Amino acid sequence: MKISWLPTVAGAAVIATVVRAAFYTPLEARQGAAQKIFYLHVPAAWVAFLAFFLVAAASGVYLWLHDIRLDRFAESSAEVGVVFTTVVLITGPLWAKPIWGTFWAWWDVRLVSTLFLWFIYVSYMVLRGAIESPSLRARYSAVLGILGAFLIPFIHLSVYLFSTMHPMPIVGKPSKPSLPNEMLLTLLLSLASFTLLYFAFLRSRYRYSVDRDALAATVDQDA
Amino acid sequence: MLYEALSPRENVAFAARLYGVRDARARVEASLQRMSMLDRADAPVRALSRGMQQRVSIARAMVHSPQLVLADEPYSGLDESGARALTVLLGELRSAGTAIILVTHNLAEGLSLATHAAVMQRGRFVRYDSADRVEAGSYSTLYREAVGSG
Amino acid sequence: MGNTLSAAWSIARKDLAIEFRTRSAFFSAVIFALLGLVIFYFAWDPTAVSVTDLAPGVLWVIFTFSGLLGLHRSFGVESEDHAIDGLLASPISREAIFVGKAIANLIFVAAVQLVAIPALVVFYNLPLGRVAAPLIAIAVLAAIGLVAIGTLFSAMAVNTRLAELLLPMLSLPFFVPIVIAASQSTAKLLSGRPVAEVSAWLKLLVAFDIVFVAACTLAYPLTVDD
């Protein structure tokens, strides 16, 4: 069996990073061990938004070129993206509770924006599931992909304005910690390994969609 | 393409507005009159019989004096007087130079209007000729002729 | 441009005539709004939360959900007898169809609000006074955004298998900035703050409207199923 290099390298990189984060990176002074979720949470968020940016970009180019491969790419990036977004939404509260004393932080602009990203991903997939015609599905998904990209900045702005006008009584909301080199390096490694993982998942998901569409085409021909 | 909640008059008037018809009011009345729908012109379309709805559809389609008419089984649902009105209307349009493509199973009516006729089988033309060469007498003869052994 | 607007207006008139004839969507939306006002009042402890604090949130949440009731029928009415094909075959531009339907929806939403807002003032005993004019401005801006998004998604949803589910699911995330901006600014105004303090929210609403009216009008032709 041919072993594909990308998933192997990505998998190894992620494992290595997790090990490094857990055992070889110093504990953060104020937050303690819980802070280490940071090394999952931040890269997952980075990938979630990268994936969506690519969905939106592929959607835009699809509307211009009408190449169905772009639609498959967008579909794949969305499905991979929603998984990473879910990781962000799970690790966020897990991190927030010990540190900020609350599971959810409505004033945290990035967390709320990620929540809406999740909603857009999910409605993107439900929309796709509700349309049978491939070309109509591709067009509608592309429209949603682009409109979703326009929405996120408005969510961001709304929550930001909301948080400035309603200072919340929170226990020990941390200011941005300055990262010593050790931690910075772990963070960069985790960003890199998660990005590799994203591309590995994306590629296999894309291949699956190619195979699935080819199979559907032969079934149609037989009919 | 009718709106059930609106009356025939409103439906035809709306179509007239969409196509920017001049003298809209007069044209709407004329169109309704041609299809003998003037006396029920203000009842909501959903209250009309299928045949009357078909007449309204036709009135709606013709109000803007189109240059090309695609008529797909326009006789379906029409009673005798409706069918006659339609034939007269199509004849008038033809004299005015309108191109008409008529798909019908009513061979006699169709041929009386047409300059050319075609028979289609499975999406292909199996016979295409000028109308006077196509005999209306027997549809089955025609069918056998056109389809042949295939 | 003038042509587009007059064509749009023809379509809007037609939609409003249909709605006026049956009135069912309008009544449903109004009753829904009124019931919502009542239910929300009883859902809170009036001694713990003052009604003036409760009212803005209630108003704009109900605004969104009752708006959805009207938006759904916007393209629903075209699916009977394939009426949409009649529109598409005519010389009217696709953009005009969208704008026309959006205008009809806007009038629908405004009509529901003309009942709901006074009802809110009565039920919740709100000190309207000077706030009335800015509140109307907020309502107009919010309605424009709501209608732009809702009309587009109504056009899309009607071509899918899950139309009733998809319209709210697609639209609600997009309605959130509108609801936040409208509620927060209404709350500030009701508690006596000057209009200048809510200018940021108003600017957000204006920017939102500009972006999404343009985007949805441009996107509509892409959603036509021909």
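Conventions used here
- Residues numbered from 1 in each chain as written.
- Chains lettered and ligands numbered in written order.
- Predicted model: local features only at pLDDT ≥ 70, side-chain atom pairs only at ≥ 80, totals over all residues.
- Helix = DSSP H or I, 4+ residues; strand = E, 2+ residues; numbered from the N terminus.
- Buried ≥ 20, exposed ≤ 12 C-beta atoms within 10 Å, placed from the backbone.
- Contact = placed C-beta atoms within 7 Å.
- Pairing = 2+ DSSP bridges.
- Right-handed = clockwise from strand over helix to strand, strands pointing away.
- Nonpolar A, V, L, I, M, F, W, Y, C, P; charged D, E, K, R; others polar.
- pLDDT = per-residue confidence, 0-100.
- Expected span 1.5 Å × (residues − 1).
- Arc of directions from axis to C-beta.
- Axes fitted to C-alpha atoms, helices over the stretch in contact; angles between N-to-C directions.
- Parallel < 35°, antiparallel > 145°, perpendicular 65-115°, else oblique.
- Left-handed = near helix turned anticlockwise from the far one by under 90°.

A. Main features of the overall build of chain B. Secondary structure assignment for chain B yields six helices and four strands. Starting at the N terminus and walking to the C terminus, you meet the elements of chain B as α-α-α-β-α-β-α-β-β-α. Within the span of chain B, comprising 150 residues, buried residues form 27% of the whole. Counting only contacts in chain B whose residues sit at least 6 apart along the sequence, the fraction spanning at least 24 positions is 57%.

B. Spotlight on the overall build of chain A. The number of helices and strands found in chain A is six helices and zero strands. Starting at the N terminus and walking to the C terminus, you meet the elements of chain A as α-α-α-α-α-α. Taken along its principal axes, the extent of the C-alpha atoms in chain A is 65 × 50 × 25 Å. When burial is assessed residue by residue, chain A has 41% of its 223 residues classed as buried. The long-range fraction of contacts in chain A, counting pairs at least 24 apart against all pairs at least 6 apart in sequence, stands at 80%.

C. Region of interest: the pairing of strand 2 (residues 99-103) of chain B. All names here are of chain B. Sparse coverage of strand 2 is indicated by the burial of zero of its five residues. Both strand 1 (residues 68-72) and strand 2 contribute to a ladder of five bridges, which runs parallel. Bridging across to strand 2, Val-69 finds its partner in Ile-100. Each parallel crossover has a hand, and for strand 1 linked through helix 4 (residues 80-95) to strand 2 it is right-handed.

D. Representation of the environment of A:Val42. All names here are of chain A. Within the secondary structure, Val-42 sits in helix 2 (residues 38-65). The partly exposed category is assigned to Val-42, around which 18 C-beta atoms lie within 10 Å. Along the sequence, Val-42 and Leu-127 sit 85 residues apart, while their C-alpha atoms lie 29 Å from each other.

E. Structural view of the interface of chain B and chain C. Counting from both sides, the interface comprises 11 residues of chain B and, opposite them, 15 residues of chain C. Split into classes, the residues belonging to the side of chain B that touches chain C amount to eight nonpolar, no polar and three charged.

F. Spotlight on helix 1 (residues 8-18) of chain B. Counting buried positions along helix 1 of chain B gives 11 out of 11 residues, so the element sits mostly inside the fold. Among the residues making up helix 1 of chain B, those that are buried are B:Pro8, B:Arg9, B:Glu10, B:Asn11, B:Val12, B:Ala13, B:Phe14, B:Ala15, B:Ala16, B:Arg17 and B:Leu18. The secondary structure elements touched by the buried residues of helix 1 of chain B are helix 2 (24-34) and helix 3 (50-62) of chain B together with helix 1 (2-22) of chain C. Positive phi shows up at B:Gly20, right after helix 1 of chain B, with a value of about 60 degrees.

G. Local environment of the interface of chain A and chain C. Residue-level contacts link 24 residues of chain A with 25 residues of chain C. Elements represented by at least two residues in the side of chain A that touches chain C include exactly helix 4 (109-129) and helix 5 (134-165) of chain A. Of the residues forming the side of chain A that touches chain C, the biggest block, 15 residues, is contributed by helix 5 of chain A. When grouped by side-chain class, the residues that make up the side of chain A that touches chain C number 21 nonpolar, two polar and one charged.

H. Representation of the confidence of the model for chain B within the structure. Residue and element names in this part refer to chain B. Averaged over chain B, the pLDDT score is 82; the fraction of residues at 70 or greater is 87%. When mean pLDDT is compared element by element in chain B, helix 1 scores highest at 94, while helix 6 (residues 139-147) scores lowest at 62. What the predictor reports for the complex is a pTM of 0.88 with an ipTM of 0.91.

I. Main features of helix 2 (residues 24-43) of chain C. Residues and elements named next belong to chain C. Taking 1.5 Å of rise per residue, 20 residues should cover 28 Å, and helix 2 covers 28 Å from first to last C-alpha, within 8% of that figure. Taken residue by residue, helix 2 has Ala-25, Ala-29, Val-30, Ala-33 and Gly-36 as its buried positions. Taken down its axis, helix 2 places every buried residue within 135 degrees of arc, on the same side. Those residues of helix 2 that are exposed and angled more than 90 degrees off the buried face are Ser-24, Phe-27, Leu-35, Val-38, Ile-39 and Phe-42. Those residues of helix 2 hidden inside the fold are in contact with helix 1, helix 3 (51-79) and helix 5 (94-124).

J. Highlighting unusual backbone geometry. Residue and element names in this part refer to chain B. Despite not being glycine, Ser-36 has its phi angle at roughly 55 degrees, a positive value. For Ser-36, the position within the fold is in the loop between helix 2 and helix 3. Phi at Ser-65 is positive, roughly 45 degrees, even though this residue is not glycine. By secondary structure assignment, the location of Ser-65 is in the loop between helix 3 and strand 1.

K. Local environment of the arrangement of the chains. Contacts are most numerous between chains A and C, considering all two pairs of chains that are in contact. Structurally, chain A and chain B remain out of contact, their C-alpha atoms never closer than 16 Å.

L. Structural context of the packing of helix 2 of chain A against helix 4 of chain A. Residues and elements named next belong to chain A. The interhelical angle for the contact between helix 2 and helix 4, taken along N-to-C directions, is 45 degrees, at an axis separation of 11 Å. In this view, helix 2 runs oblique relative to helix 4, as classed from their interaxial angle. Classified by chirality, the crossing of helix 4 by helix 2 is left-handed. Seen from helix 2, the contacting residues are Ala-45, Ala-48, Phe-49 and Phe-52; seen from helix 4, they are Arg-110, Thr-114 and Leu-117.

M. Inspection of the packing of helix 1 of chain C against helix 5 of chain C at higher detail. Residue and element names in this part refer to chain C. Relative orientation of the contacting elements helix 1 and helix 5 amounts to 45 degrees, with a least axis distance of 7 Å. Relative to helix 5, helix 1 is oriented oblique. Note on packing geometry: the crossing formed by helix 1 with helix 5 is right-handed. The segment helix 1 lies against helix 5, with Thr-4, Ala-7, Ala-8, Trp-9, Ser-10, Ile-11, Ala-12, Asp-15, Leu-16 and Glu-19 engaging Glu-95, Ala-96, Ile-97, Val-99, Gly-100, Lys-101, Ile-103, Ala-104, Ile-107 and Phe-108. Among the residues making up the contact of helix 1 with helix 5, the classes are represented as 13 nonpolar, three polar and four charged.

N. Representation of the pairing of strand 3 (residues 116-121) of chain B in the model. Residue and element names in this part refer to chain B. Counting buried positions over the six residues of strand 3 gives zero, only a small fraction of the element. Pairing analysis gives six bridges linking strand 3 to strand 4 (residues 124-130), with the strands arranged antiparallel. Bridge pairing links Val-119 to Arg-127 in strand 4. Linkage of strand 3 to strand 4, two consecutive antiparallel strands, is achieved through a turn of two residues, within which Arg-122 is found at a positive phi near 50 degrees.

O. Broad picture of the environment of B:Met120. Residues and elements named next belong to chain B. With respect to the element layout, Met-120 can be found in strand 3. In this structure Met-120 comes out as exposed when scored by C-beta crowding, with 12 C-beta atoms within 10 Å. Separated by 15 residues in the primary sequence, Met-120 and His-105 have C-alpha atoms spaced 11 Å apart. Apart from residues lying up to four places away in sequence, Met-120 is in contact with Phe-125 and Val-126.

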